[in-house]
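Take a look at the letters that make up each chain.
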Amino acid sequence: MKPDWTHLDAARRSMAQRLAMSGITHHEVLQAMATVPRHVFVEPALEGQAYEDSSLPIGREQTISKPSVIAKMIQALMQKQTKMGRVLEIGTGCGYQAAVLSLLSEEVYSVERIRSLHENARANLRPFRISNLRLIFDDGNKGIPQAAPFDNIILAAAGSEIPRLLLEQLAIGGKLIAPVANGENQQQLLLVERLSSMRYKRTTLDEVFFVPLQTGTI
Ligand code: SAH
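On a predicted model such as this, the values are computed, not experimentally measured, just so you know.

Calculation notes
Once a new chain begins, its residue numbering starts again from 1 and follows that chain's sequence as written. With pLDDT at 70 or above as the cut-off, local features in this predicted model cover only qualifying residues; side-chain atom pairs require 80 or more to be listed or tallied, and sums for whole chains, interfaces and linings still use all residues. Based on all heavy atoms of the structure, the side-chain values leave hydrogens and waters out of the count. Here, proximity means that at least one heavy atom of the residue falls within 4 Å of the molecule or strand. In protein, a polar contact means a hydrogen-donor-capable atom and an acceptor-capable atom, both N or O and within 3.5 Å, with residues adjacent in sequence counting only if both atoms are side-chain atoms; elsewhere, any N or O pair within 3.5 Å suffices. In this description, accessible areas are obtained by the Shrake-Rupley approach with a 1.4 Å probe, and a residue is regarded as covered only by the protein chains that are shown. Only DSSP runs of H or I with at least four residues qualify as helices, and only runs of E with at least two residues qualify as strands; both kinds are numbered from the N terminus onward. Residue types Ala, Val, Leu, Ile, Met, Phe, Trp, Tyr and Cys, when buried and joined through side-chain atoms within 4.5 Å, form a set referred to as a nonpolar core. Think of it in three bands: residues with accessible area under 20% of the maximum for their type are buried, residues over 50% are exposed, and the middle band is partly exposed, with areas taken using a 1.4 Å probe on protein chains only. Whether two residues are in contact is decided by their heavy atoms: any pair within 4.5 Å suffices. Any two strands with at least two DSSP-identified bridges between them are counted as paired. All axes are obtained by fitting lines to C-alpha atoms, using only the stretch in contact for helices, and the reported angles, taken between N-to-C directions, cover 0 to 180 degrees.

Section: the site of the ligand
Turning to step 1, where the next piece is worked out: With respect to spatial proximity, 26 residues lie near the ligand, and among them Ser65, Gly91, Glu112, Gly140 and Gln214 are the closest.
Turning to step 2, where the next piece is worked out: Within the contact set of the ligand, a nitrogen atom lies 2.9 Å away from a backbone nitrogen or oxygen of glycine 91.
Turning to step 3, where the next piece is worked out: When isolated, the ligand has an accessible area of 580 Å², and the protein chains bury 100% of it.
Turning to step 4, where the next piece is worked out: The set of elements that each furnish at least two residues to the shell around the ligand consists of strand E2 (62-64), strand E3 (84-90), helix H4 (96-104) and strand E4 (105-112).
Turning to step 5, where the next piece is worked out: Here the element with the most residues in the shell around the ligand is E2; it accounts for three residues.

Notes on the nonpolar core
Turning to step 1, where the next piece is worked out: Counting residues in hydrophobic clusters, the biggest one holds 46 residues, and the most contacted among them are Met33, Phe41, Ile74 and Tyr96.
Turning to step 2, where the next piece is worked out: A total of eight residues in this core trace back to one element, the largest contributor, which is helix H3 (residues 67-78).
Turning to step 3, where the next piece is worked out: Apart from the residues lying within four places of it in its own chain, the contact partners of methionine 33 are Arg12, Met15, Leu19, Pro67, Ile70, Ala71, Tyr96 and Val100.
Turning to step 4, where the next piece is worked out: Counting residues in each nonpolar core, the second largest holds 21 residues, with Ile144, Leu166, Leu167 and Val211 among its members.

Quick notes on the pairing of strand E6 (residues 150-155)
Turning to step 1, where the next piece is worked out: Buried residues dominate E6, accounting for five of its six residues.
Turning to step 2, where the next piece is worked out: Here E3 pairs with E6 via four bridges, running parallel. Of the residues in E6, the one forming a bridge with leucine 88 is isoleucine 153.

Observations concerning the sheet that holds strand E8 (residues 187-194)
Turning to step 1, where the next piece is worked out: Overall, mixed pairing links the seven strands, which are arranged E5-E4-E3-E6-E7-E8-E9 in an open sheet. Two strands lie at the open edges of the sheet, namely strand E5 (133-137) and strand E9 (200-208), each paired on one side alone. Across the sheet, the mean angle separating the axes of adjacent strands is 15° when strand polarity is ignored.
Turning to step 2, where the next piece is worked out: Strand contacts of H4: E3, E4, E5 and E6, with the helix running at about 160° to E4, the strand carrying the most contacts.
Turning to step 3, where the next piece is worked out: Of the strands in this sheet, E4 and E5 touch helix H5 (residues 115-125), which is tilted by about 160° from E5.

Next up, the structure:
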């Protein structure tokens, strides 16, 4: 089945317009959000809600992230760049964010620890024939040492800290963004820039809500 790019086209464009009004100013990010058909990545019964700004269930107690949060995270990584280089995503889920990233990057590696979700993402993405995206079934806490360093790393699940191996796999000058749990049922987005081999600059952004970063594969 070929993806139907025109289906719900108006709803998708108005979602991008709402993002633009709520502080997303990066032209290429807005364009990518207006391009990827989010409804293809959710269950048919939820299709009608696909362009609302909400997270939706994707099975296995996981969720597709909110469009505004995805756009904000990618905008924070890109800043003034028009394109990212090698990008690592932890938590493929249904594959939606991976598809958005693939439009904005040279190369994307996306890791998922739940096999059925990894396979579902593969099926969701197949019709798009994206050539610069690799899906990997593994525990993302380890990163992908053989493909490192990455210019950008984005985590779609919240741990109590950022995995050390991911910080090590960030290129010098590269940026990582992750939700981090603070122990009081709260999570904050953390933007980390690697300044040199030993120095990292951390900036705390908004409060968010993500599913937990787990360990191991299932
Ligand atoms: N990127 C998705 C969001 C998926 S939700 C989107 O486009 O909306 C977060 C995902 O992270 C879940 O599928 C969960 O299984 C996965 N996850 C949690 N811990 C992980 C880990 N250690 N390694 C890889 N994936 C992980």
